[in-house]
Amino acid sequence: MTQNKIDDWALHAYVDNEVSAEQRAEIEQHMRTDPELAQKVDAWRRQRELLKQAYDGVMGETLPPSLAATLRTGGSLAARPYLAMAAAIALVLLGGLAGWFMAQQSQRLDVADIARDALFAHQVYSAEIRHPVEVKADDKAHLQTWLSKRVGTPFTVPDLTVEGYTLLGGRLLALGGKPAALLMYEDIEANRISILLTSQDVDSETALHVEQRGKLVACYWRDGKLGFAVAGDMARDPMMKLAKIIYDKFES
Amino acid sequence: MDFRTQLAGELPPLRRFARALCGDAALADDLVQDCVERAMTRSHLYDPDRPLRAWLYAVLRNLYISGLRRNGRSTIVKNVDDLIDGEGAVPPSQEERLSVGSVSAALDRLAPQHREVIVLVGLEEMSYRDVSEILGVPLGTVMSRLSRAREHLRQILEDRGHTVLRRVK
């Protein structure tokens, strides 16, 4: 950088205290000879003051009673009216869509159908805020017995805690005239993934495949009498990795 | 210090962040509520080597984004009362030309990815590195967004400053 051309980024870093003492001295030297630099710095500092004046007051406000209660009791779900309303609307809209999507399914299920079904099901049910599942995770034993029985092949609901996902629960679906199971998980940031299990007519085994639809990705495979698909809103690579882990969990 | 005590200490800045991020007091309260519930029920996912504040900000910001994705932008449209009353209860300082409401209105005019950067850096004084982790973007992206955000905000505030000045004279 020449005498009066200090990099804008360096100047931002200076305002945000991201520079060393040495850089600081150098920048201040430039500012003394270049009023334009000093003006920029002033303008940005003034923005900070304005933001603080506008929002610092929030820190002194009394906590809402529900928040104080959560802090005391440790995070049971409190009622949130705006979510309930949004969920109700979504339920009505998506209920219609779900019917349409399901009606589109053909009679026969092949491997690629599993991926498509998983993507549609994920799209429809993961958007449900309050009712993403029929049977919740706190009834996991029942969920597992019930869905195993319906799908016709016993399976174990995988534990994905180590991977950062908590089980929300599951639901029964009807795909191509057959019962299928949908398990849903959620990470700390409310990102959801679904696992779809369907029973297969033929006993067979396939490798992992990937299918993408917009921002949603599904990984799917067949193993024995079951077809599997994992769907979620994430990039292909982390999805492949996650699917491999889930594959291993179903194997063991 | 146990997790709950630590968490309680982070609530004031977390609430300020939420308010400035979404610009709506009721939605901000809901986001903080949701964020704290998640933090408490899933504290095992927190890496104690990272600052708790940065983790909470990341969780809250993701809840905000997934809320927007699920419900469309309609949930953050303010109601008329909010617009009339202004956002917070901060008394303006003697020389202050810009009210709380106009700062909030200025933020509303920024692109969402500019707003979050300027709130995290300018208001919350998070390090560039923490911001890059919270947003899940490289450091260079944080800096270029910050640069654009500050330039845009400067223009918005200048426009407003002038109109207010003219009215005062």
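The shown structure was predicted, so the numbers you read here are calculated from the model rather than taken from an experiment.

## A short note on the confidence of the model for chain B
As a general rule, the predicted coordinates of low-pLDDT regions are not to be interpreted in detail.
Residues and elements named next belong to chain B.
Thinking step 1. For chain B, mean pLDDT is 80; residues scoring 70 or higher make up 77% of the total.
Thinking step 2. Here helix H4 (residues 80-85) stands out as the element of chain B with the lowest mean pLDDT, 37, in contrast to helix H6 (residues 112-123), whose mean of 95 is the highest.
Thinking step 3. Contacts of residues 73-96 to residues separated by more than four positions or lying in other chains number 34 contacts, the stretch itself having pLDDT below 50.
Thinking step 4. Every residue in residues 164-169 is under pLDDT 50, and counting partners more than four places away or in other chains gives two contacts.
Thinking step 5. Note on the complex model: pTM 0.59, ipTM 0.81.

## As for the interface of chain B and chain A
Thinking step 1. The interface is formed by 47 residues belonging to chain B together with 40 residues belonging to chain A.
Thinking step 2. Among the secondary structure elements, those contributing two or more residues to the side of chain B that touches chain A are helix H1 (3-22), helix H2 (25-41), helix H3 (52-71), helix H5 (100-108), H6 and helix H8 (139-168) of chain B.
Thinking step 3. Per-class residue counts for the side of chain B that touches chain A are 22 nonpolar, 12 polar and 13 charged.

## Quick word on unusual backbone geometry
Residues and elements named next belong to chain A.
Thinking step 1. One non-glycine residue with positive phi stands out, namely Asn17, at about 55 degrees.
Thinking step 2. Following the sequence through the fold, Asn17 ends up in the loop between helix H1 (8-15) and helix H2 (21-33).
Thinking step 3. Of note in this structure, Ala190 is not a glycine but carries a positive phi near 70 degrees.
Thinking step 4. Examined against the element boundaries, Ala190 turns out to sit in the loop between strand E3 (178-186) and strand E4 (192-205).
Thinking step 5. Overall, the presence of 19 C-beta atoms within 10 Å leaves Ala190 in the partly exposed class.

About the cut-offs
Residue positions within a chain follow its written sequence, with the count starting from 1. Lettering for chains starts from A, numbering for ligands starts from 1, and both go in the order in which the items are written. Per-residue local features are limited, in this predicted model, to residues with pLDDT of at least 70; the limit for side-chain atom pairs, both in listing and counting, is 80 or more; totals at the level of whole chains, interfaces and linings are taken over all residues. pLDDT: the predictor's confidence for each residue, scored from 0 to 100. Every helix listed is a DSSP run of H or I at least four residues long, and every strand listed is a run of E at least two residues long, numbered separately from the N terminus. By the convention adopted here, residues are in contact when the distance between their C-beta atoms, placed from the backbone, does not exceed 7 Å. Residue polarity is assigned by list, with Asp, Glu, Lys and Arg as charged and Ala, Val, Leu, Ile, Met, Phe, Trp, Tyr, Cys and Pro as nonpolar; anything else, Gly included, falls into the polar class. Burial is judged by counting other C-beta atoms within 10 Å of a residue's own C-beta: 20 or more means buried, 12 or fewer means exposed, and anything between counts as partly exposed, with every C-beta placed from the backbone.

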